[in-house]
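Close look at the chain arrangement
This is what each chain is made of:
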Amino acid sequence: MTQLFDILIVGAGPAGLAAAHAAASAQDARRIAIIDDNPLAGGQIWRGGPARQQDQRARRLWQALESASNVSFLPGTRVLMQTQPGELLVQDAEQARTIRYNQLILATGARELLLPFPGWTLPGVTGAGGLQALAKGGYPVQGKRVVVAGTGPLLLAVAATLKERGALVAAIVEQASFPALARFAAGLALTPSKALQAVRLGAALRGIPYCANSYVTSARGDVQVTSVQVQRKGARLDIDCDYLACGYGLLPNTELARALGCAIEQGAVKTDPWQRTSVPNVLCAGEGTGVGGVDLALVEGRIAGLAACGEGVTPELFTERTQWQGFAARLARTFAPREELRTLAQPDTIVCRCEDVCHDELRGQPNWRSAKLQTRCGMGPCQGRICGNATDFLYGWRPDAVRTPISPARAGSIITLEPHKET
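Described in the following lines is the structure provided in the data block. Quick caveat, the model's predicted, so the values are computed rather than measured. Within every chain, residues take consecutive numbers counted from 1 along the sequence as written. Only residues with pLDDT of 70 or above have their local features reported here, since the model is predicted, and side-chain atom pairs are shown and tallied only from 80 upward, although totals for entire chains, interfaces and linings are computed over all residues. Derived side-chain values reflect all non-hydrogen atoms in the structure, with water molecules and hydrogen atoms excluded from consideration.

Examining the environment of Gln374
With respect to the helices and strands, the residue Gln374 is situated in helix α11 (residues 368-375). Residues Gln374 and Leu362, 12 residues apart in the sequence, show an inter-C-alpha distance of 9.0 Å. Going along the chain from the N terminus, every DSSP run of H or I of four or more residues is numbered as a helix, and every run of E of two or more is numbered as a strand.

Below you can see the structure in the form of structure tokens.
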């Protein structure tokens, strides 16, 4: 079965929902579809469904889209590959099918940067956003001692979520320095909504130790993490815990864009002022163009949705985007991972978790392709989504190609499908 839509949106986070809403509100009625591999819309930031969020923007967007007769939501659906220009092969729990489109908007979000250190593969060590997602989904953390570590404002949001669900947050460990954090805090005056958010998070986290200019050097435990060692002010500090949630910021998720042939610049999808990529009829909005948070994602989504259906974009939207791009730039400068993090992995520290490939086996390789050939690094189930970013940070490698299928696929899904009449 082949379906045809005027506008197809991949990703149902804030950018994707905003794009769909803008396009659905256009004068000419168009068939719009949003696909997402999660069962509920919302992405990571609005996990659990937009209708359940305190953020009123999420509720308003979802209510408007639910009442729009020309918008279809295809949950639990993964993009496998491009079969031909203007057509994607997708798979859900029951079947594979092709979807044709006139305009494609990529709103594929970002993923966490996880960096290897001794003990990072112990049970109980997770990504910061990963443990937040688990807690939002009902994973029991009540009464558990948790260290939240890494860098960026996400740490505060994660700690607040965990505390709200009954976890005992033992410490927040931030690798950025106090002067850098002070400059970032002063810059929040340019974005009052973010300043208010910071004040609220600070109040919610009152009493929790906040260790700036600090970073985890190792996690310890026999069968599960029981403590972490933190480098702080030239000294080592041991903190007992049941969980370590550690993440060093977010990176654009560009696999689909690269598979389609979109130009990538500084690790993000390159777009023009109307969010168009280098590939005709393909646009990109949200974290895929550079990590900047929910506000930037929303305005980029609106611009992309209007541009995809040929509507004019008001100057106010461009001005708003510029404001949030400035916030994104300050975010990147303040929370860039420090050089010491490149030295944490020991010779026997696993870097590729899927294939159990250690640092000592990789640091002598000249590039990503050689590492794959010689060690199978990046060839496991995650297909380099975790270790690829880590090896880029540690060794300066960049994956040279995206292999299809982009997502894990059933064997029957990738057998050549006979053409069917469009519906």
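So much for the structure itself; the text now carries on.
Some details on the sheet that holds strand β13 (residues 227-232)
Only when DSSP finds a minimum of two bridges between them are two strands counted as paired. Overall, antiparallel pairing links the three strands, which are arranged β12-β13-β14 in an open sheet. Two strands bound the open sheet, and with one partner strand each, they are β12 (214-220) and β14 (235-240). Taking each pair of neighbouring strands and ignoring which way they run, the sheet shows an average axis angle of 25 degrees. As paired strands, β12 and β13 are joined by six bridges and run antiparallel to one another. Note on β13: the bridge partner recorded for Ser214 is Arg232. Under this scheme, a helix contributes an axis fitted over its contacting stretch, all axes are lines through C-alpha atoms, and angles between N-to-C directions fall in the 0 to 180 degree range.

With respect to the pairing of strand β10 (residues 168-174)
Looking along a regular strand, one sees side chains alternate from face to face of the sheet. Categorising residues by exposure relies on relative accessible area from a 1.4 Å probe, with only protein chains included: less than 20% of the type maximum marks a residue as buried, more than 50% marks it as exposed, and the intermediate range marks it as partly exposed. Among the seven residues in β10, five count as buried, and that is most of the element. Where strand β9 (residues 145-150) and β10 come together, six bridges link them in parallel fashion. Opposite Val146, over in β10, you have Val169 as the bridge partner. Looking down the strands as they point away from the viewer, one classifies a crossover as right-handed if the path from the first strand across the helix to the second runs clockwise. Regarding the hand of the β-α-β motif, the stretch spanning β9, helix α4 (residues 154-164) and β10 is right-handed. Across two bridges, the pairing between β10 and strand β11 (residues 210-211) is parallel.

Section: the packing of aromatic side chains
The rule is short: rings of Phe, Tyr and Trp, with Trp giving its six-membered ring, pair when the centres are within 6.5 Å, and they are stacked under 30 degrees, edge-to-face over 60, tilted in between. In the structure shown here, the tally under the stated rule is seven aromatic pairs. Here the aromatic rings of Trp62 and Phe73 are separated by 5.6 Å at their centres, their planes lie at 90 degrees, and the arrangement is edge-to-face. Of this pair, Trp62 sits in helix α2 (residues 56-66) while Phe73 sits in strand β3 (residues 71-74), and the two are 11 residues apart along the sequence. Overall, the relative accessible area of 15% leaves Trp62 in the buried class. Aromatic pair Trp324 and Phe327: ring centres 5.9 Å apart, planes at 85 degrees, arrangement edge-to-face. Here the residue Trp324 and the residue Phe327 both occupy positions in helix α9 (residues 315-334), the gap between them amounting to three residues, near one helical turn. Phe327 shares its class with Trp324; the two are buried. Three or more aromatic residues joined by ring pairs make a cluster, and in this case those are Phe184, Trp324, Phe327 and Phe335. The ring of Phe5 carries Arg31 above its face, with NZ or CZ at 5.3 Å from the centroid. Note on criteria: charge over ring means Lys NZ or Arg CZ within 6 Å of the ring centre, with the direction from the centre no more than 35 degrees off the ring normal. Over the aromatic face of Phe393 sits the side chain of Arg342, whose NZ or CZ is 4.1 Å from the ring centroid.

Describing the side chain of Thr191
On the secondary structure map, Thr191 appears in the loop between α5 (178-187) and α6 (192-204). The residues contacting Thr191, other than those within four sequence positions of it, are Gln323, Trp324, Phe327 and Arg330. Should any heavy atoms of two residues lie within 4.5 Å, those residues are considered in contact.

Section: the nonpolar core
Take the buried residues of types Ala, Val, Leu, Ile, Met, Phe, Trp, Tyr and Cys, join any two whose side-chain atoms come within 4.5 Å, and each joined set is a nonpolar core. Ranked by internal contacts, the top residues of the largest apolar core, which has 36 residues, are Phe117, Val147, Ala219, Val228, Leu244 and Leu362. Elements with a contribution of two residues or more to this core: β9, β10, β12, β13, β15 (243-247), β20 (350-352), α11 and α12 (387-395). Ranked by residue count, the leading element in this core is α12, at four residues. Counting residues in each nonpolar core, the second largest holds 31 residues, with Ala15, Ile34, Ala41 and Leu298 among its members.

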